[in-house]
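# Structural overview for review
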Amino acid sequence: DGGITQSPKYLFRKEGQNVTLSCEQNLNHDAMYWYRQDPGQGLRLIYYSQIVNDFQKGDIAEGYSVSREKKESFPLTVTSAQKNPTAFYLCASRLGNTGELFFGEGSRLTVL
Amino acid sequence: AQSVTQLGSHVSVSEGALVLLRCNYSSSVPPYLFWYVQYPNQGLQLLLKYTSAATLVKGINDFEAEFKKSETSFHLTKPSAHMSDAAEYFCAVSTSGGYQKVTFGTGTKLQVIP
């Protein structure tokens, strides 16, 4: 079945370590997004990519980095510069030009 | 710039009662509007979308929403709540052209009381 696969679902890291969250899609969508979700704050946009080898900072990009070398893949690296990385991270891809998003199941990162 | 405001972070209804979740948007150009639902520790699923066709939009599980340009609103309703409707609901806005940023509201948690 077509969809978005995020891994790992749960991840623990020590302070000062970088961690990379995987996002793969087989929907043949051009655009992909990363959001961070914290209780009571909704979804906040970290990065988005319209096409391969192109991406734009969202509202809270500091401390994060991404790459888009393949259409299917949009990994997110949470660096040690991110002051409060514990959160639920959601990856999505966009259908067409209306903004309709398809989401993965999320990755929950906990910094110990 | 675009934004979404969801009024009420928590809403409680009795089973069988009307569900009304409020969403107001701000956009400098004609918007596309969406409602998504999220169950605990899962991703979001699309309930319905407005893309400039009919202003009354019907979605899955008997949910519907009406686009009112004069009120900049896109409220979500369901005639009769079921226990399975208990979840968090997000309103979102995007616009056509350029880099399509999709902006979400802060969410409304719906509790259904038996």
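Refer to the preceding data block for the structure.
A few points on the structure. (Residues numbered from 1 in each chain as written. Chains lettered and ligands numbered in written order. Predicted model: local features only at pLDDT ≥ 70, side-chain atom pairs only at ≥ 80, totals over all residues. Heavy atoms only, no water.)

## Section: the overall build of chain A
Assigned secondary structure in chain A consists of zero helices and 11 strands. Secondary structure elements of chain A occur, N-terminal to C-terminal, as β-β-β-β-β-β-β-β-β-β-β. For 112 residues, the compact-globule estimate of 2.2 N^0.38 gives 13 Å, and the C-alpha radius of gyration of chain A, at 13 Å, lies within 12% of that figure. If one aligns the C-alpha atoms of chain A with their principal axes, the spans along those axes are about 40 × 25 × 25 Å. For chain A, with 112 residues in total, the buried portion stands at 51%. (Helix = DSSP H or I, 4+ residues; strand = E, 2+ residues; numbered from the N terminus. Rg over C-alpha atoms; globule rule 2.2 N^0.38 Å. Buried < 20%, exposed > 50% of the residue type's maximum accessible area, 1.4 Å probe, protein only.)

## Re unusual backbone geometry
Of the consecutive residues A:S7 and A:P8, the connecting peptide bond is found in the cis state with omega at -10°. Along the polypeptide, A:P8 turns up in the loop between β1 (4-7) and β2 (10-13). Within the chain, B:N61 stands out as a residue other than glycine whose phi angle is a positive 55°. Residue position: B:N61 is located in the loop between β6 (56-58) and β7 (64-68). For B:N61, a relative accessible area of 48% corresponds to the partly exposed category. The phi angle at B:T72 is positive, at roughly 45°, despite the residue not being glycine. With respect to the helices and strands, B:T72 occurs in the loop between β7 and β8 (73-78). On the basis of relative accessible area, B:T72 is assigned to the partly exposed category, the value being 32%.

## Re the interface of chain B and chain A
Contacts between chain B and chain A engage 23 residues on the former and 28 residues on the latter. Across the interface of chain B and chain A, roughly 2000 Å² is buried in total on both sides, 51% from carbon and sulfur atoms. Summed over the shared surface of chain B and chain A, the result is two salt bridges. Put simply, B:K49 and A:E100 hold a salt bridge, and the shortest N to O gap is 2.5 Å. One can count seven residue pairs in polar contact (both at pLDDT 80 or more) joining chain B with chain A. When residues of the side of chain B that touches chain A are traced back to their parent elements, those giving at least two are β4 (31-38), β5 (44-50) and β9 (87-95) of chain B. No other element matches the four residues that β4(B) contributes to the side of chain B that touches chain A. Residue composition of the side of chain B that touches chain A, grouped by class: nine nonpolar, 11 polar and three charged. (Contact = heavy atoms within 4.5 Å. Buried area = accessible area lost by both parts, 1.4 Å probe. Salt bridge = Lys/Arg side-chain N within 4 Å of Asp/Glu carboxyl O. Polar contact = N/O pair within 3.5 Å; in protein donor to acceptor, adjacent residues only side chain to side chain. Nonpolar A, V, L, I, M, F, W, Y, C, P; charged D, E, K, R; others polar.)

## Structural notes on the state of the cysteines
Evaluated as defined, the whole model comprises two disulfides over all chains. Covalent S-S linkage joins A:C23 and A:C91, the inter-sulfur distance amounting to 1.9 Å. Between A:C23 and A:C91, the S-S dihedral sits near -75°, and the bridge is therefore left-handed. With A:C23 in strand β3 (residues 19-25) and A:C91 in strand β9 (residues 87-95), the pair connects residues that are 68 residues apart, well separated along the chain. Look at A:C23 and you get buried, because its relative accessible area is 1%. A sulfur-sulfur distance of 2.0 Å marks the disulfide that ties B:C23 to B:C91. Its S-S torsion of approximately -65° makes the covalent link between B:C23 and B:C91 left-handed. Of this pair, B:C23 sits in strand β3 (residues 19-26) while B:C91 sits in strand β9, placing them 68 residues apart in sequence. Grouping residues by exposure puts B:C23 and B:C91 together as buried. (Disulfide = S-S within 2.5 Å.)

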